[in-house]
Amino acid sequence: MTDLATFVAGLPKAELHLHIEGSLEPEQMFALAARNRIAIPFRSVEELRGAYSFSRLQDFLDIYYQGADVLRTEEDFHDLAAAYFDRAAADHVRHAEIFFDPQTHTDRGIPFQVVVDGLLAGMAGARAKHGLTSKLILCFLRHLDEDAAFATLAAAEPWLDRIAGVGLDSSELGHPPAKFARVFARAGEMGLRRVAHAGEEGPPAYVHEALNLLHIDRLDHGNRSLEDAALTTRLARSGMTLTVCPLSNLKLCVVDDIDAHPIARMLRLGLRATVNSDDPAYFGGYVNDNYRALIPGGMLDAGDFATLARNSFLGSFLDDEDVARHLAALDAYVDASLS
Ligand code: ADE
Ligand code: ZN
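All values reported here derive from a predicted model rather than from experimental measurement.

*Asks:* Before we move on, can you summarise the packing of aromatic side chains with the specific residues and values?
*Replies:* Using the criterion set out here, one finds 15 aromatic pairs in the structure. An aromatic cluster is present here, built from Tyr 52, Phe 54, Phe 60, Tyr 64, Tyr 65, Tyr 282 and Phe 283 joined pairwise through their rings. Over the ring of Tyr 291 we find Lys 13; its NZ or CZ atom is 5.2 Å from the centre of that ring. We note Arg 218 situated over the ring of Phe 317; from NZ or CZ to the ring centre the distance is 4.2 Å.

*Asks:* Summarise helix 5 (residues 74–90); cite the residues concerned and give the values.
*Replies:* With 17 residues, helix 5 extends 25 Å from end C-alpha to end C-alpha; this agrees with the ideal 24 Å at 1.5 Å per step. Taken together, the buried positions of helix 5 are Asp 76, Phe 77, Leu 80, Ala 81, Tyr 84, Phe 85 and Ala 88. Along the axis of helix 5, the buried residues cluster in a sector spanning 165 degrees; they form a single face. A positive phi of about 65 degrees marks His 92, the residue just after helix 5.

*Asks:* I'd like a rundown of the site of ligand 1, residues and numbers included.
*Replies:* If you check the shell around ligand 1, you find His 19, Leu 57, Phe 60, Leu 61, Tyr 64, Asp 169, Ser 170, His 197, Glu 200, His 221, Asp 278 and Asp 279 and nothing else. The contact in question runs from a nitrogen atom of ligand 1 to an N or O atom on the side chain of His 221, over 3.4 Å. The separation between a nitrogen atom of ligand 1 and a polar side-chain atom of Asp 278 is 2.7 Å. Contact with the protein chains hides 100% of the accessible area of ligand 1, taken as 260 Å² for the molecule alone. The element contributing the most residues to the shell around ligand 1 is helix 4 (residues 57–67), with four residues. Residues of the shell around ligand 1, tallied by class, amount to four nonpolar, four polar and four charged.

*Asks:* How would you sum up the coordination of the zinc ion (ligand 2)? Please name residues and give values.
*Replies:* When four donors bind a metal tetrahedrally, each ideal donor-metal-donor angle is 109.5 degrees, and when six bind octahedrally, the ideal angles are 90 or 180 degrees. Distances from the zinc ion (ligand 2) to its protein donors, namely His 17 (NE2), His 19 (NE2), His 197 (NE2) and Asp 278 (OD), fall within the range 2.0 to 2.2 Å. For the zinc ion (ligand 2), the four donor atoms in the first shell make angles of 84 to 173 degrees at the metal, a pattern classed as irregular. Each donor residue of the zinc ion (ligand 2) lies on the same chain, and together they follow the pattern H-x1-H-x177-H-x80-D. In this pair, the class of His 17 matches that of His 19, namely buried.

*Asks:* I'd like to hear about the side chain of Ser 171, residue by residue, with values.
*Replies:* With respect to the secondary-structure elements, Ser 171 resides in the loop between strand 4 (165–169) and helix 9 (181–189). The class for Ser 171 is buried, based on a relative accessible area of 10%. A distance of 2.7 Å separates polar atoms of two side chains, one belonging to Ser 171 and the other to Gln 58. Each residue touching Ser 171, except ones within four places of it in the same chain, is listed here: Leu 57, Gln 58, Leu 61, Arg 142 and His 143.

*Asks:* Could you give an account of unusual backbone geometry, with specific residues and numbers?
*Replies:* Even without glycine at this site, Ser 170 takes up a positive phi of about 85 degrees. Within the secondary structure layout, Ser 170 lies in the loop between strand 4 and helix 9.

*Asks:* Break down the sheet that holds strand 2 (residues 93–100) for me, with residues and values.
*Replies:* As a general point, the strands of a sheet are linked pairwise by backbone hydrogen bonds and lie either parallel or antiparallel. Strand order in the open sheet formed by eight strands is 1-2-3-4-5-6-7-8, and the pairing between neighbours is parallel. Either end of the sheet is taken by a strand with one partner, and the two such strands are strand 1 (13–19) and strand 8 (272–275). The average angle at which neighbouring strand axes cross in this sheet is 25 degrees, direction not considered. As defined by bridge partners, strand 4 adjoins strand 5 (residues 193–198) across two bridges and the pair is classed as parallel. Pairing of Gly 165 across the sheet is with Arg 193, part of strand 5. Contacts from helix 7 (residues 112–130) reach strand 2 and strand 3 (133–141) within the one sheet, and its direction differs from that of strand 3 by about 155 degrees.

*Asks:* Break down the nonpolar core for me, citing the residues and quoting the values.
*Replies:* Within soluble globular proteins, side chains that are nonpolar tend to cluster in buried spots. Counting 103 residues, the largest nonpolar core has Phe 100 and Tyr 282 as its most contacted members. In terms of residue count, the dominant contributor to this core is helix 7 (eight residues). Setting aside residues up to four positions removed in sequence, Phe 100 forms contacts with Ile 20, Glu 21, Phe 112, Val 115, Val 116, Leu 119, Leu 136, Ile 137, Leu 138, Cys 139 and Ile 163. Counting five residues, the second-largest nonpolar core is a separate cluster that includes Phe 99, Ile 137, Cys 139 and Phe 317.

Calculation notes
- Residues numbered from 1 in each chain as written.
- Chains lettered and ligands numbered in written order.
- Predicted model: local features only at pLDDT ≥ 70, side-chain atom pairs only at ≥ 80, totals over all residues.
- Heavy atoms only, no water.
- Phe/Tyr/Trp six-rings, centres within 6.5 Å; stacked < 30°, edge-to-face > 60°.
- Lys NZ or Arg CZ within 6 Å of the ring centre and 35° of its normal.
- Helix = DSSP H or I, 4+ residues; strand = E, 2+ residues; numbered from the N terminus.
- Expected span 1.5 Å × (residues − 1).
- Buried < 20%, exposed > 50% of the residue type's maximum accessible area, 1.4 Å probe, protein only.
- Arc of directions from axis to C-beta.
- Near = heavy atom within 4 Å.
- Polar contact = N/O pair within 3.5 Å; in protein donor to acceptor, adjacent residues only side chain to side chain.
- Areas by Shrake-Rupley, 256 points an atom, 1.4 Å probe, with all protein chains shown as cover.
- Nonpolar A, V, L, I, M, F, W, Y, C, P; charged D, E, K, R; others polar.
- Donors = N, O, S within 2.8 Å, 3.2 Å for Na, K, Ca; no water.
- Tetrahedral: all angles 85-135°; square planar, octahedral: opposite > 155°, others 65-115°.
- Contact = heavy atoms within 4.5 Å.
- Pairing = 2+ DSSP bridges.
- Axes fitted to C-alpha atoms, helices over the stretch in contact; angles between N-to-C directions.
- Core = buried A, V, L, I, M, F, W, Y, C linked by side-chain atoms within 4.5 Å.

Read these as geometric descriptors, not functional statements.
What follows is the structure, encoded as structure tokens:
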């Protein structure tokens, strides 16, 4: 039998919570700044990395939006996505559903087309190079208003056959899901899947709103759902997937101690939890780093890690046939590793 770290690293898996702008590594940020002749307020990669110390979500968001300013051309967005997919493939990610934040770019004059065509080219390249499939999820920035979200949805219309769904991200506190009920209803009518960040910093009431008013297909983070027993039961009974991000939770002080991360409790409560990297360039690691970070706590065994990987395919927006194919490969890997 292989050791647990090797077993976990080799598990075929899907990644369901990844902000592509959050995969911009400091080295790539400097390279793009040089290519685009942009000055950045840090002298070195080390100094930039040293600034990645956060005590809440907003501390991170301020630096994350600033970092995205080096992304200017279709080639930049392609290169960003290509670098992420190379790392994901090395972590045995077979399928990724990636978030992008168009308003971060359109608000500084970068056309929607530049962003989306660059990302789509990166996605096509990953399929050809690694056999890694992917889907795109357009996130609305919740600190902006409803009109801006509607304008972004309108801008996306020519690409609707290549965008799987909409999401909701950015500053959670003070921006409840209810603010976006109408734009999510419209997205649903347009045939898009719906996901939302809720219960990362926000209270369980925000998770209720995401379910009742946004009609989400998947819950991003959802940690604070555990404070509400009836909500936890509802999520478990409905088979709702939670895209949990352990290292993000640690870096943003959503949890104080990685060894006491609630993901084991989530599994015991029957929640369909998954492991994801959120913003890997800022939070200290890609998806396998997130799986590995859960080993020392000793709360999860090989079977639990296999369940987490299984949940990642079950919670994806792949069709049933593709899910079944990935699960069969996962079962074969588990059987071969544990015998
Ligand atoms: N945007 C990028 N990462 C995010 C996170 N963890 N929460 C909210 N918005 C985000
Ligand atoms: Zn996120």
